[in-house]
Amino acid sequence: MKFVTDIKNTRQEEKKQPTKVYDTKDLNLWYGNTHALKNVNFPIYEKEVTAIIGPSGCGKSTFLKTLNRMVELVPSVHTSGTIEYRGENILDPNFMVEDLRTKVGMVFQKPNPFPKSIYDNIAYGPRIHGIKDRKILDDIVESSLRGAAIWNEVKDRLKENAYGMSGGQQQRLCIARALAIEPDVILMDEPTSALDPKSTLKVEELIQELKKDFSIVIVTHNMQQAARISDRTAFMLNGELIEYDYTDDIFQHPKDERTEDYITGRFG
Amino acid sequence: MKFVTDIKNTRQEEKKQPTKVYDTKDLNLWYGNTHALKNVNFPIYEKEVTAIIGPSGCGKSTFLKTLNRMVELVPSVHTSGTIEYRGENILDPNFMVEDLRTKVGMVFQKPNPFPKSIYDNIAYGPRIHGIKDRKILDDIVESSLRGAAIWNEVKDRLKENAYGMSGGQQQRLCIARALAIEPDVILMDEPTSALDPKSTLKVEELIQELKKDFSIVIVTHNMQQAARISDRTAFMLNGELIEYDYTDDIFQHPKDERTEDYITGRFG
Amino acid sequence: MVDNNKESTSTVRVKSMIEKNRQKQSFRSIGEKAVPNLLLGIAMISILTTIGIVFVLISETFEFFNRVSIVEFFTGTVLRPLSQDPKFGILPLINGTIISSVIAMVVAGPIGMMTAIYLSEYASDKARRVLKPVLELLAGIPTIVYGFFAFTFVTPFLRQFIPEMSATNILAPGLVMGVMIIPMIASLSEDAMNSVPNAMREGALALGSTKLEVTFKVIIPAAFSGIVAAFVLGISRAVGETMIVAIASGSSKNFTFDITQSMQTMTAYVVEVAGGDASRGSTIYYSLYAVAMTLFVFTLLMNILARYIARRFREEY
Amino acid sequence: ACGGDDTSSDSGTETEELSGSVVVDGSGTVYPLMARIAEEYMVTEEENVSVEVARSGTSAGFKKFLAEDGTDFNDASRHIKEEEQQMADDLGIEVKELKVALDGLTFVLHPDNDWATELTEQQVIDIFKADSDIEKWSDINPDFPDEDINTYGPNENHGTYEFFYETILEEQDLKADANLQQDYSTLVTLVSEDVNAIGFFGFGYYVNNQDQLQAVNVDFGEGPVEPSLDTIAEDGDYAPFTRPVFTYLNVNMAKEKPQVKDYAVYLMENVNTFAGETGFAPLPEEEVQALVDELKGL
Amino acid sequence: MATHMTSERIQKRMKRRVALNKGLSGVFLLATTFGVFVLGVLFYQIITEGIPYINLDFLTGKLSTNAERAGIMGAILGTLWLMAVVIPVTIILGVGTAIYNELYAKQGKLQTIIQTNIANLSGVPSIVYGILGMTIFANLLNLGSVVLAGGLTMSLLVLPIVIVSSQEALRAVPSYLSEASIGLGATKWQTIKNIILPAALPGILTGSILALSRAIGETAPLVVLGIPALLLPFPGGLFDRFTVLPMQIYYWTLDASLVEEYQFLASATIIVLLVMLFILNGTAIVIRNKFQRRY
Ligand SMILES: Nc1ncnc2c1ncn2[C@@H]1O[C@H](COP(=O)(O)OP(=O)(O)OP(=O)(O)O)[C@@H](O)[C@H]1O
Ligand SMILES: Nc1ncnc2c1ncn2[C@@H]1O[C@H](COP(=O)(O)OP(=O)(O)OP(=O)(O)O)[C@@H](O)[C@H]1O
Ligand SMILES: [Mg+2]
Ligand SMILES: [Mg+2]
Ligand SMILES: O=P([O-])([O-])[O-]
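Everything numeric in this text was worked out from a predicted model, so none of it was measured.

**Some words on the sheet that holds strand β2 (residues 34–45) of chain A**
Residues and elements named next belong to chain A.
(1) Moving on: Across the sheet, four strands lie side by side as β2-β1-β4-β5; this open sheet has antiparallel pairing. Taken across any chain shown, the strands that pair with only one partner, and hence form the sheet edges, are β2 and β5 (88–89).
(2) Moving on: The pairing of strand β1 (residues 20–31) with β2 spans eight bridges and is classified as antiparallel. Each bridged residue has a counterpart across the sheet, and for Y31 the counterpart in β2 is T34.

**Some details on the environment of D:A88**
Residues and elements named next belong to chain D.
(1) Moving on: Relative to the helices and strands, A88 resides in helix α3 (residues 82–91).
(2) Moving on: Residues A88 and A67 lie 21 residues apart in sequence; the distance between their C-alpha atoms is 8.3 Å.
(3) Moving on: In this structure, A88 is in contact with L66, I93 and V95, ignoring residues within four places of it in sequence.

**Overview of the interface of chain E and chain C**
(1) Moving on: The partner chain C presents 74 residues to the 75 residues of chain E that form the contact.
(2) Moving on: Across the pair C:E213 and E:R17 runs a salt bridge whose closest N-O atoms are separated by 2.5 Å.
(3) Moving on: Put simply, chain E and chain C have seven residue pairs in polar contact (both at pLDDT 80 or more) between them.
(4) Moving on: Sorting elements by how many residues they give to the side of chain E that touches chain C places helix α1 (residues 7–50) of chain E first, with 22 residues.
(5) Moving on: Taken together, the residues of the side of chain E that touches chain C sort by class into 49 nonpolar, 22 polar and four charged.

**Considerations on helix α1 (residues 31–45) of chain D**
Residues and elements named next belong to chain D.
(1) Moving on: For α1, built from 15 residues, the straight-helix expectation of 21 Å at 1.5 Å per residue is met to within 8% by its first-to-last C-alpha distance of 20 Å.
(2) Moving on: Counting buried positions along α1 yields 12 of 15 residues, so the element is predominantly enclosed.
(3) Moving on: Every buried residue belonging to α1 is among Y31, P32, L33, M34, A35, R36, I37, A38, E39, E40, Y41 and M42, and all of these are buried.

**With respect to the site of ligand 1**
All names here are of chain A.
(1) Moving on: The local shell around ligand 1 consists of Y31, A36, P55, S56, G57, C58, G59, K60, S61, T62, V74 and E190.
(2) Moving on: A distance of 2.7 Å is found between an oxygen atom of ligand 1 and a side-chain nitrogen or oxygen belonging to K60.
(3) Moving on: Considering ligand 1 on its own, with 630 Å² of exposed area, one finds that the protein chains cover 61% of that surface.
(4) Moving on: Split into classes, the residues belonging to the shell around ligand 1 amount to five nonpolar, five polar and two charged.

The rules behind each value
Residues numbered from 1 in each chain as written. Chains lettered and ligands numbered in written order. Predicted model: local features only at pLDDT ≥ 70, side-chain atom pairs only at ≥ 80, totals over all residues. Heavy atoms only, no water. Pairing = 2+ DSSP bridges. Helix = DSSP H or I, 4+ residues; strand = E, 2+ residues; numbered from the N terminus. Contact = heavy atoms within 4.5 Å. Salt bridge = Lys/Arg side-chain N within 4 Å of Asp/Glu carboxyl O. Polar contact = N/O pair within 3.5 Å; in protein donor to acceptor, adjacent residues only side chain to side chain. Nonpolar A, V, L, I, M, F, W, Y, C, P; charged D, E, K, R; others polar. Expected span 1.5 Å × (residues − 1). Buried < 20%, exposed > 50% of the residue type's maximum accessible area, 1.4 Å probe, protein only. Near = heavy atom within 4 Å. Areas by Shrake-Rupley, 256 points an atom, 1.4 Å probe, with all protein chains shown as cover.

Written out as structure tokens, the structure is:
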């Protein structure tokens, strides 16, 4: 497990506080009457991997989806508090979500390529933003696929349907699709939980790569994974952010008893 | 975690080999062309808790359902090899499955009470086996619910629909339902994976109790759980039984590298 | 927490009772054997009647073609079944059928599709809960009511704008048929669009798409086969619709393309002939079967086509 | 339906209470008269007898009448044809012709048509005849509109069609584009909404729709005659276009089923009462009485 | 990575895209309400014409050629008699076949053909069933246009619908319920009888009621069977001649040229028919909601 140790070293060095991409303040969220997020205060830093862990139903996905306002797809949702993205409060109803989502990419638990060709999957984003020039699209497709470390595997079958690929490839395709519109932040919700160990490893390596250019927030139920790839880790429970710190600290000296219970496998 | 240590002690003492309830020899199973179980040899001992662990899709549920031939509900299934239950080969087509299933109870991953009253849920098994006498049924209902440690919670609402109960209660109700026909063996397929930590604990305690009277086989994806409650643990991978031993040995000195990889969280 | 006394007493009892019952439970095996056979018998009746339908149609149609050449039937543009010198060309009927169906689909296609888009992609839960039952209501209205509506309301209404329109014409029933088919197209297309996993929508929205783009660039392409199937079934429904045209489009057997004129469809022909002269044995009697068979084959093909499209082109997601 | 109690025993004319059904089909022209009488019979005379009246048209009706287990009566707006009589003989059905009233074949126009309200017999024929020179109104008279004439009439299921075709057109073909319909109601609507229309059917369908239609006054050589109950009566001025209408009785059935005979008698005893109100000219009393006596003797 | 997503361009387009989305969503809503609008016009026309004619005499009276005396009791009873045939026949045949197909039949080529056949039959035009009914029940069995012939014809017509919807209801019963029962040693029939059927019952009922309302509203097959235009007595048994509400509407619409008021009687009859159908459909909806899957 060479790369894991490498990272740990770099991480230590970076302990100077970097810029905040997001700053979440007193965020509350309800699904109808269910209080799913309770007073969450949660900064996210530029060009880091931030992991969110916690038992099922604790609000990890909810929080992640709030960051690009995808959570609004559930009609009964309402929120209080603010989330500042690069200084602007994205919870403001006047904030244009299409804009936000163009800048904040998202990768889901189950790979969800469109039932189109590999090429069209990647080109989808640029196209809706008005890029029609075939040459430029070719360019974007190639660089995105390279960025997602999958170019070599698919370059000869760009016209084939994306559903002919393996789960791991599909997931990297989805990452490439997110890269194609050159986001600032990438949100990932358990991106490897549907993958086999080998594909998991590939995606984990990829995340390490991407960190150089993007800020990444990742939800995972696999604590080892959080430990392996993240710079900071947040532990949530019942909609509350229990503890948030450098990953090493969380796993080695958790301050909260509940964090410790969870990490040592008392529940979940 | 008092009871866990208690058990570990008793387990050590019992290391004299007890009677085999099941003896599976060279079992192979195919779903159509998918080879789901490969040459499985797997004895199961009386009045023990046997845990089966392994990554998703490795064949845990398939093996469990073979033990009461529920796997046959999938029409494309065919098998080779033998499974002896108390000396008789249950894979023999002449073996009467209803008989087998009366003796081998089953508890499923998702609590699956019938959409009937609590009382009728428990009474269902005895009734289909011809017990009609109201007094006897009352008796059975009470003792089964007591056996599943849920009597006190539900005794005043036996006529209410089972779907009004919490998930943990439903799961114990399902266990009670299995107890009502006094089985010999109880098979459990991830019985706590849909439950919250508190209910999980209750069910785990219950399993410890039940062990006194029944032989229990439990599939779980939670290794801590296997370690906590089982006497023996089997690790499966890709349809093969990789390793099968006393739980302590499996977790402390796994012989197979793959077992170790799995237990230490390298995949899953 | 386990009441051991209680349990052990009943243990002996229940286990042995079950054991004992199992021995004498011949009653169960009787049920096990008899029930499937009884059900098989019932299923056979259903299946035989379906075969019977085809058999009756084929044998009587055969008789018809003994009397009238199949070539004349399918190529003749003159239909004069009752005349002294009868002519049995089905083309006027096919023409009427196609024209009325096209009119219906021109209404039902776009409106049904837009309704499906609205319900599946835009409507709030509340709006959907109100609108869907109303559409179901529209689908549940007997066609005789639509026929009445076309004849006594829509035609007079249209004639205010198209004075040269005939009192019985193909336009009004075609339009009303379209209204009748809207719910079918809408709900089948909506089903198809609904069955596109939400993950697709989320994937597209997360890239900054508007709902409109999600709908047209992702959902509709993904649900395309289901939508085509809905349209095909809609056409099949229009072709088979009877009372609306029987009441509102008259019984002229004109071979014309003027939609303001009266035309007859295959279904309306059956109503006219069967309602008047259906005495057994006459050529015109057998012509009913030939027309019905044509209808049957046509709708059957449409149904099979719809099914094929839905299956063959089902996207895998 | 309700059966049981003996309601008709006090009438004295019958020894037993009648029940069962009488099935009537045939002419749509005669339908209003026959339905009216049937209803009267059921309401005032025999509650337990069900007289069902359908109207698929004279010719179509004959096909149902001349069959095993056929209908009991067939209403007709023309005489039975030779081949139909032949068929009855073959089947061993004894057929009795009952003349019930007189009807005038009426030519109708759109109410706004102010040019063709008076036409000669020949003009009427030419308008409908296949190869004639008259296609447009202006072909009749240059003062008339230069518009196509749209012709309407009942289809070949109907006695009215055959009467027109055989007796008036003398078996010359109708225009190929004549709009022939199964239902009279459709015809009424069609003509009432087409200024260039001319259609034909029984007088009854005209009188009931005088607000939507106007009749052509036909000149048979002695000036235009308006069709009316008086002119269509026997020896009236409209006589050339007047025709008797009938109902045909299956005598075998009348002998077999008392209710059929009873109804036949009732029918003939009452036709003249209801003829006028349904748009028919009544027959001379003696003629009707003779038929009543014949029927009673069956 | 090269930057193609220059911000000004995207921003400008973004506003247009969002506006287009808004605009078209309005168009879609408009299209959706079109159906509602037509329904409104239809109801308005029918109710204004028909309501004045609805009174107790109309509902309980016999048919008559006289518009003032005419009543529709005969047609109402005929419709009820029709239901009395259709309900048992389709439930027994339809649900029985569905259970067999869904739970007993071995999946194979033959079964697929049968299933496809049944599904296809539900798309065959009703007029074809009318011809079939005329051939088999009226001509071959010589029943004539009596309740039994009409009922059986309608049963044939809706049978495929009942089969398909019942199969769907049976399929929708989650397999874990039957697994639980089988896991307790219950036999297949015990499981079906005690678990699957009760759970599928709301779905089966809903489907059957909707099929029944189809049978009540159908006209074309009965026209082919030759229901008479004037029929006074009330049907009292399976072998009585009958008429039904839609036939009454049909004849009154046609005869509006004979007597003007017939059109209004047709409207009044439509109201009665629609009320009956709403009650039936309402029942189906209540059943669906009340017994909505609780598992
Ligand atoms: N669409 C919804 N409607 C209502 N409640 C919801 C909805 N989605 C989630 N919730 C509730 O909000 C809480 C948080 O859910 P969330 O999905 O964020 O949890 P999670 O931490 O992602 O869990 P998991 O690990 O299972 O994905 C849960 O109690 C859940 O029941
Ligand atoms: N009904 C079925 N038809 C075909 N293949 C099946 C079926 N059920 C299971 N399989 C296949 O058999 C293999 C073993 O599946 P099984 O459900 O036994 O795994 P499992 O170990 O229980 O996994 P999990 O932890 O996800 O429950 C898998 O590859 C699965 O795809
Ligand atoms: Mg989640
Ligand atoms: Mg499993
Ligand atoms: O309906 P007809 O009187 O013309 O036969």
